[in-house]
Amino acid sequence: MKNLPNAKQAACFDTAFHASIPKVAYIYALPYELYEKYGIRRYGFHGTSHRYVSEIAAEMLGKKPEDTNIITAHLGNGGSLTAVKAGKSIDTSMGLTPLEGIAMGTRCGDIDPAILFYLQEKGYKTQELKNICNKKSGLLGISNKSNDMRNLTQLAEQGDELSKLAIEVFAYRIRKYIGTYTAVLGTLDAVVFTGGIGENSFIVRQKVCKSMEQIGIEIDEAINAKVRAKQADISKVNSRVKVFVVPTDEEVIIARDTYSLANQEN
Ligand code: AMP
């Protein structure tokens, strides 16, 4: 500010896209006063990525975002899914913190909260429990080998049972969220895969989309197997719901928002 006194500053929040989530989806079934006193509610994360890929998916559908219902799956070392209705986030799997939702590289995602009370009674301290849930769980926790999907895929191919289980649990949790968000959206036009795993792992995409014909999701296995780190439609021609791979680009959203903020009158 000293050297550039006339420069405008902008902040882009990763939670901003989720500001449209309705109260029914962001309120936890805890005493309401905890929300009032401490702001305990679902906030969600990866908003910039979910927004970007849902906008690209609408373009790929040849529709305006307002005319689409889309589920976006950002699958990286951290991961979350979002239900995007008419271009707006209406629910997302991360919560007050990025710990809630699907299983991640080292985070546990959804668990029964009573597990923590049980472990506390067994002598675990709060800091240890935080460390277990954030740094020692997820793909790493189940496999006891790695949080990296590339390593786990290789280990699974070599017959490592816990690596196979870690990948299965990872895909299963995502399937559950797709089912839930299909119900929440009412109708579904597209599912989008993004993030390091979503963009690159055809195996994860295949496991997630397996046997989903009932809700209209059918991927073309041959196309899926070839897609890595590029924008593509991996669904069968007749699939009622389109399945897209879209490399995320959070910087584009940040640049556009900054540009539009910088041009606003004070
Ligand atoms: P991100 O946090 O978006 O950078 O994603 C990191 C995750 O993407 C790690 O678990 C990586 O193993 C995974 N990833 C990156 N490249 C590949 C690949 N070619 N196949 C499978 N997973 C990959």
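Structural notes, computed from the coordinates. (Residues numbered from 1 in each chain as written. Predicted model: local features only at pLDDT ≥ 70, side-chain atom pairs only at ≥ 80, totals over all residues. Heavy atoms only, no water.)

1. Quick look at helix α8 (residues 161-185)
In an α-helix, one turn spans 3.6 residues, which is why side chains three or four residues apart end up on the same side.
Piece 1. A rise of 1.5 Å per residue sets the reference length of α8, with its 25 residues, at 36 Å; its end C-alpha atoms lie 36 Å apart and thus fit the reference within 8%.
Piece 2. At the exit of α8 stands Gly186, carrying a positive phi of roughly 90°. (Helix = DSSP H or I, 4+ residues; strand = E, 2+ residues; numbered from the N terminus. Expected span 1.5 Å × (residues − 1).)

2. Structural notes on the site of the ligand
Piece 1. All residues in the neighbourhood of the ligand are listed as Gly76, Asn77, Asn147, Asp148, Met149, Arg150, Gly195, Gly196, Ile197, Asn200, Ser201 and Arg228.
Piece 2. Between an oxygen atom of the ligand and a main-chain N or O atom of Arg150, the distance comes to 3.5 Å.
Piece 3. Looking at the shell around the ligand, the elements that each hand over two or more residues are α7 (149-157) and α9 (195-200).
Piece 4. Taken together, the residues of the shell around the ligand break down into two nonpolar, seven polar and three charged. (Near = heavy atom within 4 Å. Polar contact = N/O pair within 3.5 Å; in protein donor to acceptor, adjacent residues only side chain to side chain. Nonpolar A, V, L, I, M, F, W, Y, C, P; charged D, E, K, R; others polar.)

3. Overview of the sheet that holds strand β1 (residues 69-75)
Piece 1. Taking strand neighbours across the sheet as the criterion, the six strands line up as β3-β2-β1-β4-β6-β5 in an open arrangement whose pairing is mixed. At either margin of the open sheet sits one strand with a lone partner, and together these are β3 (88-92) and β5 (232-233).
Piece 2. The sheet contact formed by strand β4 (residues 190-194) and strand β6 (residues 242-245) spans four bridges and is parallel. The partner of Ala190 across the bridge, within β6, is Lys242. (Pairing = 2+ DSSP bridges.)

4. Focus: the packing of aromatic side chains
Piece 1. Inspection of every chain in the model, using the stated rule, returns three aromatic pairs.
Piece 2. Ring pairing ties together the aromatic residues Tyr26, Tyr32 and Tyr35, which thus form one cluster.
Piece 3. The side chain of Arg41 reaches across the aromatic face of Tyr26, ending 3.6 Å from its centre. (Phe/Tyr/Trp six-rings, centres within 6.5 Å; stacked < 30°, edge-to-face > 60°. Lys NZ or Arg CZ within 6 Å of the ring centre and 35° of its normal.)

5. Details of the environment of Thr126
Piece 1. Topologically, Thr126 is positioned in helix α5 (residues 126-135).
Piece 2. Assessed through its relative accessible area of 49%, Thr126 is described here as partly exposed.
Piece 3. Taking C-alpha positions, Thr126 is 26 Å from Val169, a pair spaced 43 residues apart along the chain. (Buried < 20%, exposed > 50% of the residue type's maximum accessible area, 1.4 Å probe, protein only.)

6. Remarks on the side chain of Asn69
Piece 1. Following the sequence through the fold, Asn69 ends up in strand β1.
Piece 2. Asn69 sits in the buried class, given a relative accessible area of 8%.
Piece 3. At 2.9 Å, the side chain of Asn69 forms a polar contact with the backbone oxygen of Thr187.
Piece 4. Residues within four places of Asn69 in sequence aside, it is in contact with Val84, Lys85, Ala86, Leu185, Thr187, Leu188, Asp189 and Ala190. (Contact = heavy atoms within 4.5 Å.)

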